[in-house]
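Below are the chains, spelled out letter by letter.
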Amino acid sequence: MANEAKRLFCIRIHPDDAPHSIVGVVAGSADEAERLARGKTGLSAAPASVTEIPDGEVMLVTFR
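Throughout this description, residue numbers start from 1 for each chain and increase along the sequence as written. This being a predicted model, a pLDDT of at least 70 is required before a residue's local features are given, and a value of 80 or more before pairs of side-chain atoms are given or counted; all residues contribute to the totals for chains, interfaces and linings. Only hydrogens and water are set aside; all other atoms, that is, all heavy atoms of the structure, feed into the side-chain values.

A. Focus on helix H1 (residues 30–41). Starting at the N terminus, helices and strands are each numbered in turn, a helix being any DSSP run of H or I of at least four residues and a strand any DSSP run of E of at least two. A helix is expected to reach a length of 1.5 Å times the quantity of its residues less one. Here H1 spans 16 Å end to end across 12 residues, near enough to the 16 Å set by a 1.5 Å rise per residue. Exposed residues in this analysis have more than 50% of their type's maximum accessible area, buried residues have under 20%, and partly exposed residues fall in between, with area computed by a 1.4 Å probe over protein chains only. Of all the positions in H1, only Glu 32, Ala 33, Ala 37 and Arg 38 are classed as buried. Residue contacts are defined here by distance: any two heavy atoms, one from each residue, within 4.5 Å place the two residues in contact. Of the surrounding elements, those touching the buried residues of H1 are strand E1 (7–13), strand E2 (21–27) and strand E3 (48–53). Backbone geometry just downstream of H1 places Gly 42 in the positive-phi region, at approximately 75°.

B. Looking closely at the sheet that holds E1. If you trace the three strands from one edge of the open sheet to the other, you get E2-E1-E3, paired in antiparallel fashion. The sheet is open, and its two edges are formed by E2 and E3, each paired on a single side. Pairs of neighbouring strands in the sheet enclose a mean axial angle of 25°, with direction left out of account. Pairing of E1 with E2, which is carried by seven bridges, proceeds in the antiparallel orientation. Note: two strands are recorded as paired if DSSP finds a minimum of 2 bridges between them. Interaxial angle, 0 to 180 degrees, is taken between N-to-C directions of lines fitted to C-alpha atoms, where a helix line uses only the stretch in contact.

Purely geometric numbers; function is a separate question.
Set out below in structure tokens:
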């Protein structure tokens, strides 16, 4: 796995009792990206969604 390509992921962690967190991370897989995001936010048990951002694409994040 030393030569595994890194890709950009957007992880949204949405706990029931706290504000949602959105984390952008470069990782080798969706699982790795989610693990890194959970470590940074401390929200280990909250539901999460992971989206890979393809090369040349952007993800727009808006807040109310």
